[in-house]
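Take a look at the letters that make up each chain.
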Amino acid sequence: MLKLITEYLQSFFSQLFGSKKKIKLGFYGAPNAGKSTLANRICKDWVGEELSTVSKIPHETRNINIKESVTVKHKGKELTFNVVDTPGIATKIDYEDFLKFMNKSEAKVRAKEATKGVIESIKWLDNMDGVVVVLDSTLNPYSQVNITVIGNLAARKIPVLLAANKIDMKKGSVKKVEAAFPQYKVVGISAEKGTNMEEFYSSLFKIFK
Amino acid sequence: MLTLQFVPYSDMEALNTDERIKKLLGIVKSKSIVMMQGRLKPAEESKLIQETMEQIDKDFKGIEICTIYPEDKEMEAVRKIKKEFFRFVLGNRDGMTIVGPSTVIKEIKRDPNKIQLYTFSKDSKKSKRRR
């Protein structure tokens, strides 16, 4: 009863004064690592609707997508995030890579949009309060994209959580990611299947407590 | 023919960020692979990627980049201090940065101490060079 009253009063006063701090939480990583799938999973878990379109074609997310006021609850505490799904970072974009999925003119448009998406992602780095770097745990974690993103976040002193995604797949290995980035907290998840999301949320709370 | 161009630290130390990136991209766009002594700062790496994205066109499809550098974690405290002092005085010359056009370099695989550079060959099979 007392808990209910406390929660009601907290909610009442935060609405009255607009004092609830929203944490801008960015999702970064290489194309097809699962950034949008994870952002969608979080939004679906806590606000019941998805944020971004997901597909197997690289650079499906070519604009910054934001879902505001996503309140995550864990062990009686809550944090409110503005979830920022980014196109991520790539060092090369060739329209010919899209030709197996679409015609030439569509591929050229997509490639052009993808380059702009990467530029936007880099510009948005400075706006973030925290970042989840999503890594495909089936691939070698020592990719320069991962190293550059994590290095930039460290230089900007932005809190980082590493999500080793796709652990449900045969080649998925959290240990490889942990070995590559021993100074960071790594959580193994499957964003698609929702595996280990409890530990993911718990880690978010540890970082943003 | 594959061209590797070595860029010593002394060529870069006096340049500002924009000049460094311009120099690196200039070499890469001439279809050469840069082997630069030392590393770019994180902000310079992201700026290099940003500039690369802006310059992508029908001939230039982007870059492959890789840095390797010695890990400091198991070094004794005294050696670490000495190393930091020399870095401060002489600049950070540790490690090496490799940047090449993505139309020449197919893939760079790295682990902390080894780089494997895969290039496109005429018969479009992967050819491998090791460092």
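Bear in mind the structure is a predicted one, so any value in this text is a computation, not a measurement.

Criteria and cut-off values
Residues numbered from 1 in each chain as written. Chains lettered and ligands numbered in written order. Predicted model: local features only at pLDDT ≥ 70, side-chain atom pairs only at ≥ 80, totals over all residues. Helix = DSSP H or I, 4+ residues; strand = E, 2+ residues; numbered from the N terminus. Buried ≥ 20, exposed ≤ 12 C-beta atoms within 10 Å, placed from the backbone. Core = buried A, V, L, I, M, F, W, Y, C linked by C-beta atoms within 7 Å. Contact = placed C-beta atoms within 7 Å. pLDDT = per-residue confidence, 0-100. Pairing = 2+ DSSP bridges. Axes fitted to C-alpha atoms, helices over the stretch in contact; angles between N-to-C directions. Nonpolar A, V, L, I, M, F, W, Y, C, P; charged D, E, K, R; others polar. Expected span 1.5 Å × (residues − 1). Parallel < 35°, antiparallel > 145°, perpendicular 65-115°, else oblique. Left-handed = near helix turned anticlockwise from the far one by under 90°.

### Re the overall build of chain B
Stage number 1. A count of helices and strands for chain B gives four helices and seven strands.
Stage number 2. Listing every helix and strand of chain B by position from the N terminus yields β-α-α-β-α-β-α-β-β-β-β.
Stage number 3. Split into buried and exposed, the 131 residues of chain B put 24% on the buried side.

### What to know about the nonpolar core
Stage number 1. One finds Val83(A), Ile89(A), Val132(A), Val133(A), Leu162(A) and Ala163(A) to be the most contacted residues of the largest nonpolar core, which totals 69 residues.
Stage number 2. Beyond its immediate sequence surroundings of up to four residues, Ala163(A) is in contact with Leu38(A), Val132(A), Val134(A), Leu135(A), Val187(A), Ile189(A) and Phe200(A).

### Digging into the confidence of the model for chain B
All names here are of chain B.
Stage number 1. On average, residues of chain B score 83 in pLDDT, and 80% of them reach the 70 mark or higher.
Stage number 2. Here strand β7 (residues 126-130) is the element of chain B with the lowest mean pLDDT, 50, and helix α2 (residues 17-29) is the one with the highest, 96.
Stage number 3. With pTM at 0.84, the complex prediction returns an ipTM value of 0.83.

### Topic: the sheet that holds strand β4 (residues 96-101) of chain B
All names here are of chain B.
Stage number 1. Strand order in the open sheet made by the four strands is β1-β2-β4-β3, with mixed pairing throughout. The sheet is open, and its two borders are formed by β1 (3-7) and β3 (63-68), each paired with just one other strand. Each adjacent strand pair in this sheet contributes to an overall mean axis angle of 15°, direction not counted.
Stage number 2. Pairing of β3 with β4, which is carried by six bridges, proceeds in the antiparallel orientation. Counted as the bridge partner of Ile65 is Val99 from β4.
Stage number 3. Its contacts with the sheet put α2 on β1, β2 (32-37), β3 and β4, and the angle it makes with β2 is roughly 145°.

### Quick notes on the interface of chain A and chain B
Stage number 1. Counting from both sides, the interface comprises 17 residues of chain A and, opposite them, 21 residues of chain B.
Stage number 2. Only α3 (104-124) and α4 (144-155) of chain A provide two or more residues apiece to the side of chain A that touches chain B.
Stage number 3. With six residues, the top contributor of residues to the side of chain A that touches chain B is α4(A).
Stage number 4. Partitioning the side of chain A that touches chain B into residue classes produces eight nonpolar, seven polar and two charged.

### What to know about helix α2 (residues 35-47) of chain A
Residue and element names in this part refer to chain A.
Stage number 1. Given a rise of 1.5 Å per residue, 13 residues ought to cover 18 Å, and the 18 Å separating the end C-alpha atoms of α2 matches this to within 8%.
Stage number 2. Of all the residues in α2, the buried ones are Lys35, Ser36, Thr37, Leu38, Ala39, Asn40, Arg41, Ile42 and Cys43.
Stage number 3. Against the buried residues of α2 lie β1 (22-29), β2 (65-74), β3 (77-85), β4 (130-136), β5 (160-165) and α6 (197-208).
Stage number 4. Looking one or two places after α2, you find Gly48, whose phi comes out positive at around 80°.

### Thoughts on the packing of α4(A) against helix α3 (residues 42-55) of chain B
Stage number 1. Viewed as axis vectors pointing N to C, α4(A) and α3(B) meet at an angle of 130°, and their least axial separation amounts to 8 Å. Taken together, the axes of α4(A) and α3(B) are oblique relative to one another. The handedness of the crossing between α4(A) and α3(B) is left-handed. Facing Thr148(A), Gly151(A), Asn152(A) and Ala155(A) of α4(A), the residues of α3(B) in contact are Pro42(B), Ala43(B), Glu45(B), Ser46(B) and Ile49(B).

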